[in-house]
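Spelled out, the chains give:
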Amino acid sequence: MMETVVTTYCGICEKTCGMQVTVKDNAVQKVEGFKEHLRSRGDLCVKGRAAKDILYAPDRLKTPLKKVDGKWIAVSWDEALGIISRKLAAVKAQYGANSLAVYHGQTYLKNCVAMFSMKRFLSRYGTANLCSAASECFIPQLLSGITTFGSLPMADVKNSRCVIIWGANPFASGSLEGCNTRSMRLLKELKEKGVRFIVVDPRTPDVAQLADIHLQPRPGTDGALALGMMRVLVDENLYDRDYVEKHTAGFDRLKEMLRDYDLEKIEKITMVPRSAIEQAARLFAAVKPASIMNGNGLEHHTNTVQTIRALSILLSITGNIDVLGGNTFLSPIFLSMEDAEDIPAPAGSPIGMEEHPMFVSMINQAQALVVIEKMLATDESPIKAMIVAGGAPIPELANTGRVKEAFQKLEFMAVIDQFLTETAEYADVVLPAAFFLERDEIATMPLNLQNRAVDGGQCWPDWKIWWELGKRMGYEKHFPWSGFAEAADLLLQSAGYSYEELKKHPEGIMEKAVPGKFLENGFYTFSGKIELYSQSLASNGYDPLPVYREPMESIVSTPGVAREYPLTMTTGARQPMYLHSQHRNIPSLNKLLPAPWLEINPQTARECGIYDGDTAIVESPRGSISMKARVTEGILPEVVHLPHGWRHADCNLLTDHAQRDPISGFPGLKSSLCRVRKA
Ligand SMILES: Nc1nc2c(c(=O)[nH]1)N[C@H]1C(S)=C(S)[C@@H](COP(=O)(O)OP(=O)(O)OC[C@H]3O[C@@H](n4cnc5c(=O)[nH]c(N)nc54)[C@H](O)[C@@H]3O)O[C@H]1N2
Ligand SMILES: Nc1nc2c(c(=O)[nH]1)N[C@H]1C(S)=C(S)[C@@H](COP(=O)(O)OP(=O)(O)OC[C@H]3O[C@@H](n4cnc5c(=O)[nH]c(N)nc54)[C@H](O)[C@@H]3O)O[C@H]1N2
Ligand code: SF4
Ligand SMILES: [Mo]
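Residues numbered from 1 in each chain as written. Chains lettered and ligands numbered in written order. Predicted model: local features only at pLDDT ≥ 70, side-chain atom pairs only at ≥ 80, totals over all residues. Heavy atoms only, no water.

Q: What is the right way to read the sheet that holds strand S15 (residues 385-389) from this model?
A: Picture the strands of a sheet paired through backbone hydrogen bonds; they go either parallel or antiparallel. Spatial strand order, S5-S4-S17-S16-S15-S6-S7: seven strands in an open sheet with mixed pairing. Taken across any chain shown, the strands that pair with only one partner, and hence form the sheet edges, are strand S5 (71-74) and strand S7 (130-132). Strand-to-strand, the axes of this sheet are offset by a mean angle of 20 degrees, without reference to chain direction. Pairing of strand S4 (residues 65-68) with S5 involves four bridges; the strand directions are antiparallel. Each bridged residue has a counterpart across the sheet, and for Lys66 the counterpart in S5 is Ile73. Across the sheet, helix H3 (residues 77-95) lies against S4, strand S6 (100-104), S15, strand S16 (412-417) and strand S17 (429-432), angled at about 130 degrees from S17, the strand it touches most. (Pairing = 2+ DSSP bridges. Helix = DSSP H or I, 4+ residues; strand = E, 2+ residues; numbered from the N terminus. Axes fitted to C-alpha atoms, helices over the stretch in contact; angles between N-to-C directions. Contact = heavy atoms within 4.5 Å.)

Q: What exactly am I supposed to notice about the pattern of salt bridges here?
A: Any two side chains of opposite charge can pair if their charged atoms end up close together. Under the definition given, this model contains 35 salt bridges. Here Glu32 ties to Lys30 by a salt bridge, and the two come within 4.0 Å at their closest N and O atoms. For Glu32, a relative accessible area of 38% translates into the label partly exposed. Here Asp212 makes a salt bridge to Arg196, at a shortest N to O gap of 3.6 Å. Taken as a pair, Asp212 in the loop between strand S10 (196-200) and strand S11 (213-215) and Arg196 in strand S10 lie far apart in primary sequence, 16 residues in all. (Salt bridge = Lys/Arg side-chain N within 4 Å of Asp/Glu carboxyl O. Buried < 20%, exposed > 50% of the residue type's maximum accessible area, 1.4 Å probe, protein only.)

Q: What is the right way to read the site of ligand 2 from this model?
A: Taken together, 33 residues lie around ligand 2, and Gln106, Glu396, Asp417, Arg439 and Ser581 are the ones closest in. Between ligand 2 and the protein, one listed contact pairs an oxygen atom with a backbone N or O atom of Ala392 at 2.8 Å. One nitrogen or oxygen atom from the side chain of Asn652 is found 2.8 Å from a nitrogen atom belonging to ligand 2. Here ligand 2 loses 97% of its free accessible area of 930 Å² to cover by the protein chains. Of the residues belonging to the shell around ligand 2, the class tally is 10 nonpolar, 16 polar and seven charged. (Near = heavy atom within 4 Å. Polar contact = N/O pair within 3.5 Å; in protein donor to acceptor, adjacent residues only side chain to side chain. Areas by Shrake-Rupley, 256 points an atom, 1.4 Å probe, with all protein chains shown as cover. Nonpolar A, V, L, I, M, F, W, Y, C, P; charged D, E, K, R; others polar.)

Q: Is there a simple way to think about the packing of aromatic side chains in this case?
A: Aromatic rings considered in pairs are described by the distance between their centres and by the relative angle of their planes. Following the criterion strictly, the structure yields 20 aromatic pairs and no others. Here Trp463 and Phe484 contribute two aromatic rings whose centre-to-centre distance is 5.4 Å and whose plane-to-plane angle is 40 degrees, an arrangement assigned as tilted. Taken together, the residues Trp463 in helix H19 (residues 462-472) and Phe484 in helix H20 (residues 484-493) connect sequence positions 21 residues apart. Note on Phe484: relative accessible area 6%, which makes it buried. For the pair Tyr578 and Trp646, a centre-to-centre distance of 5.4 Å together with 85 degrees between the ring planes defines the contact as edge-to-face. Residue Tyr578 is located in the loop between strand S21 (567-571) and helix H25 (587-590), and its partner Trp646 is located in the loop between strand S25 (639-642) and strand S26 (672-678); the two are separated by 68 residues in the primary sequence. (Phe/Tyr/Trp six-rings, centres within 6.5 Å; stacked < 30°, edge-to-face > 60°.)

Q: Got a minute to help me understand the sheet that holds strand S3 (residues 27-33) in this structure?
A: One open sheet holds the three strands; their spatial order is S1-S2-S3, and the pairing between them is antiparallel. Looking at which strands have only one partner, the edges of the open sheet turn out to be strand S1 (4-9) and S3. The average undirected angle you get between the axes of adjacent strands in this sheet is 30 degrees.

Q: Explain the site of ligand 3 to me, please; I cannot follow it from the model alone.
A: As a structural note, the neighbourhood of ligand 3 is formed by Cys10, Ile12, Cys13, Lys15, Thr16, Cys17, Leu44, Cys45, Lys47, Gly48 and Cys179. In terms of residue class, the shell around ligand 3 is built from seven nonpolar, two polar and two charged.

Q: Before we go on, may I ask you to explain the layout of surface pockets in this structure?
A: Here the idea is plain: a probe the size of a water molecule rolls over the atoms and shows the empty space left. Of the volumes computed, that of the second largest pocket is approximately 260 Å³. Lining the second largest pocket are 21 residues, and of these Arg203, Asp206, Gln575, Trp597 and Glu599 lie nearest its centre. Partitioning the lining of the second largest pocket into residue classes produces 11 nonpolar, six polar and four charged. Each of domain 3 (153-329 + 516-539) and domain 4 (559-678) gives at least three residues to the lining of the second largest pocket. (1 Å grid on protein atoms, 1.4 Å probe; cavity = no way out; pocket = protein on both sides within 12 Å on 5 of 7 lines; lining within 4 Å. Points joined across faces, edges and corners; volume = space filled by probe spheres on them. Domains from an automatic or database assignment.)

Q: I keep staring at H3 and nothing clicks. Help me out?
A: In an α-helix, one turn spans 3.6 residues; hence positions three or four apart end up facing the same way. Its 19 residues place the ends of H3 27 Å apart at the C-alpha level, agreeing with the 27 Å of an ideal helix rising 1.5 Å per residue. Looking only at H3, the buried set comprises Trp77, Ala80, Leu81, Gly82, Ile84, Ser85, Leu88 and Val91. Within two residues after H3, Gly96 carries a phi angle of roughly 95 degrees, on the positive side. (Expected span 1.5 Å × (residues − 1).)

Q: Explain the domain arrangement of the protein here, please?
A: How large an interface is tends to be reported as the accessible area lost when its parts come together. Here the domain parsing of the protein yields domain 1 (4-55), domain 2 (65-137 + 343-440 + 453-503), domain 3 (153-329 + 516-539) and domain 4 (559-678). Contacts between domain 1 and domain 4 engage seven residues on the former and nine residues on the latter. Summed over both sides, the interface between domain 1 and domain 4 buries roughly 650 Å², with carbon and sulfur atoms accounting for 75% of that surface. Looking at the side of domain 1 facing domain 4, the largest losses of area belong to Val46, Lys47 and Ile54, adding up to 61% of the total buried there. Between domain 1 and domain 4 we count zero salt bridges in total. The tally of links between domain 1 and domain 4 comes to two residue pairs in polar contact (both at pLDDT 80 or more). Taken together, the residues of the side of domain 1 that touches domain 4 sort by class into five nonpolar, no polar and two charged. (Buried area = accessible area lost by both parts, 1.4 Å probe.)

Q: Could you clarify how one ought to interpret the packing of helix H8 (residues 222-235) against helix H10 (residues 251-258) in this entry?
A: To describe two helices that pack against each other, one gives the angle between their axes and the distance between the axes. It is at 10 Å that the axes of H8 and H10 come closest, and there the two elements cross at 110 degrees. Relative to H10, the element H8 lies roughly perpendicular. Between H8 and H10, the contacting residues are Leu227, Met230, Arg231 and Val234 on the first element and Phe251, Leu254, Lys255, Met257 and Leu258 on the second. Tallied by class, the residues present in the contact of H8 with H10 amount to seven nonpolar, no polar and two charged. (Parallel < 35°, antiparallel > 145°, perpendicular 65-115°, else oblique.)

Q: Just checking my understanding: could you explain helix H12 (residues 274-286) for this structure?
A: Its 13 residues give H12 an end-to-end C-alpha distance of 18 Å, which sits within 8% of 18 Å, the value for a rise of 1.5 Å per residue. Buried within H12 are the following residues: Ala276, Ile277, Glu278, Ala280, Ala281, Leu283, Phe284 and Ala285.

Q: Got a minute to help me understand the side chain of Asp222 in this structure?
A: The residue Asp222 is located in helix H8 in this model. Of the side chains bearing the opposite charge, Arg218 lies closest to the buried Asp222, which forms no salt bridge; the N-O distance is 9.7 Å. Other than its neighbours up to four places away in sequence, Asp222 contacts Trp166, Val200, Pro217, Gly297, Leu298, His301 and Thr307. (Lys, Arg positive; Asp, Glu negative; His and termini not counted.)

Q: Looking at this model, I keep getting lost on the pairing of S25. Mind explaining?
A: Residues in a regular strand point their side chains to alternate faces of the sheet. Neither face of S25 is exposed, since Val639 and His641 on one face and Val640 and Leu642 on the opposite face are all buried. As paired elements, S21 and S25 share four bridges and run parallel to each other. Bridge pairing in S25 places Thr568 opposite Val639. Bridge count between strand S22 (residues 597-600) and S25: two bridges; the pairing is antiparallel. Bridging from a neighbouring strand, Ile600 pairs with Val640 of S25.

Q: Is there a simple way to explain the nonpolar core in this structure?
A: Across soluble globular proteins, nonpolar side chains show a tendency to be buried alongside one another. Counting residues in each nonpolar core, the largest one holds 55 residues, and the members touching the most others are Trp166, Met229, Met230, Leu254, Phe284 and Ile317. Among the elements that line this core, the one with the most residues is H8, at nine residues. Sequence-distant contacts of Phe284, that is, excluding residues within four places in its chain, are made with Cys162, Ile164, Met229, Ala290, Ser291, Ile292, Leu314, Leu315, Thr318 and Asn320. Residues Leu88, Tyr108, Phe121 and Phe484 belong to the second largest nonpolar core, which totals 54 residues. (Core = buried A, V, L, I, M, F, W, Y, C linked by side-chain atoms within 4.5 Å.)

Q: Mind showing me how you'd approach empty space enclosed by the protein here?
A: Under the definition given, this model contains four cavities of 30 Å³ or more. If you add up the space inside the largest cavity, you get close to 80 Å³. Around the largest cavity sit Ala573, Arg574, Gln575, Tyr578, Leu579, His580, Arg584, Leu593, Pro643, His644 and Trp646, which together line it. As a volume, the second largest cavity reaches approximately 50 Å³. Thr302, Met552, Glu553, Asp656, Gln659, Gly668, Ser671 and Ser672 are the residues that line the second largest cavity. A per-class count over the lining of the second largest cavity returns one nonpolar, five polar and two charged.

Laid out in structure tokens, this is it:
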């Protein structure tokens, strides 16, 4: 047969980079970046370029499996769906629909037709307890945005003259128009054009090579650092008085609060020298427009929402919100996931509504860490059955030792994945999902069609799995579609598009955002202004101003724990060749980083008797793991870093699920305590 070229987008991570796939005889020959793609313009990261290796990995799941006496046995789809549907029906009859919980991973979110189908299945079943990696990813940004601006601003880096990269490393994680390769190139071009960079990171990530100023705060104290910078701006009259008067509410109260944060105190909290804070604040005020690109380094703390709010306020009082080159508001294309009219809303609220109501109501999902906590709290777990779809709660959720205990209490678990993961080992049934090259899908940033390149055989697209399971449960009426195009049309209709029209735009469709609309028409807040003093936080019983609170476990807040565990532990800095827990099994990627390492400062290493390359044991009040040490000046002496996603050195055995940010429920994955010794 002739070779054909299929244009699609890479579905490995959420960046959805455009891809062209050469196919012959139903086999992928090669993959390349698609140059016309609106966002990625032909770039692919090392994982995307390895897509063929992942597709043909010998350990891909190829059939459904059921567990019999602890061993996996291949079964037909018919049998597997039969087991699951009978079990789910029984659980619902005995304990009620809310006793089924579903966890999905971060990338799953971009699979719009799968998400739509899964949500429809869950509504029809009647459970409110959908949870996901969103319990540890991104939502603090959204909560901060909504409570301050009524919307979510993002750094308009390409038009900035000064950029703070704050707790992010786009050289590894990507995000500026796609993958890390593209982000790196764009940022280096900006540097050459004279754009000024400030990097805020307790480590020295690759992106720090751009930095005019590199501030290294103690993990989890970024909120205090931002307050220190604001204090300089106010004391030295460097803020944008005109903008503040016109567009913000609560400046006087903010100013009043800042009196409590003199730079001596800030230096003590953050460990950043006063002179460096002043220098950074003056640069940020002087060079406009300026933006802040922030990331996970701010999200994984028990004070995350207020920290990100402090950064938002720093942008606001310098007049950098909703202006070209500042932080601006996108106009994303939304696909309505509205349910069929004849499906009633589930009874009761998702788990976590009492503990973290703003998180739960904002995304209408349960907080996964509260789900785990409730499952363990009493003999009678509220959750009896679980489906994990495209996610890895082990090893991604905090305190994986406890997550494993919780999973052992389940009466039934099904996992939908491409590989037999650590999570899947707790399952009774495992279903093989199609890889992105084997399915059609839709993503929205840009609005784009994923086109099947090859036939997946027994590996089904996630949406098909939910449809077929739905039909098995007797929900045929709510899964009436003859094929992908019909369901896609239903979903696209809400945004005014169709499957056929999307076919004509392999480069994707994006609506151009024009900054300035909110400044002109007002913000979606109570006051219509940028709320430095947030009325929605106040009405929910939280600090309306971004008061600094220590991480719940730290050398300051828990001195007793710190006596035994004196080091601050940050985890999970991204590596380009891996997506979270994935790809360790792909030789072409694994050879780029075959083993994890602990990053430790030479001074600390000396005190622990550790030399570069030694095996170190890292312990926290939750557990203990070991890995080789890399001794580096790049990290603060009081801090160590552990990578995440490694099965035999799982850093989440050390993190805590019970200490959480009050607003978002996020755990301190990047600011808890540990100690290190030589093995
Ligand atoms: N290759 C690859 N790319 C990915 C992912 C992946 O797993 N692999 N994951 C994707 C996902 S889901 C996400 S959420 C994004 C994350 O994307 P980013 O937020 O850019 O994540 P990182 O590259 O880990 O950069 C986080 C930085 O924060 C620093 N940091 C740690 N603790 C602190 C702190 O307390 N304060 C400050 N200021 N900095 C701190 C770390 O040292 C690190 O350099 O990456 C996405 N892209
Ligand atoms: N300590 C620590 N923990 C962390 C983090 C950290 O920085 N430090 N980061 C957190 C963050 S930001 C995130 S986003 C989470 C990530 O958490 P998850 O998104 O749950 O993590 P992954 O390890 O990527 O697991 C995804 C699983 O889905 C499977 N999969 C991939 N594509 C598909 C598909 O199309 N269909 C199906 N059915 N399966 C698929 C993969 O094989 C893999 O097993 O981890 C969090 N955990
Ligand atoms: S960043 Fe890499 S893995 Fe993610 S979509 Fe782009 S090419 Fe694929
Ligand atoms: Mo994430």
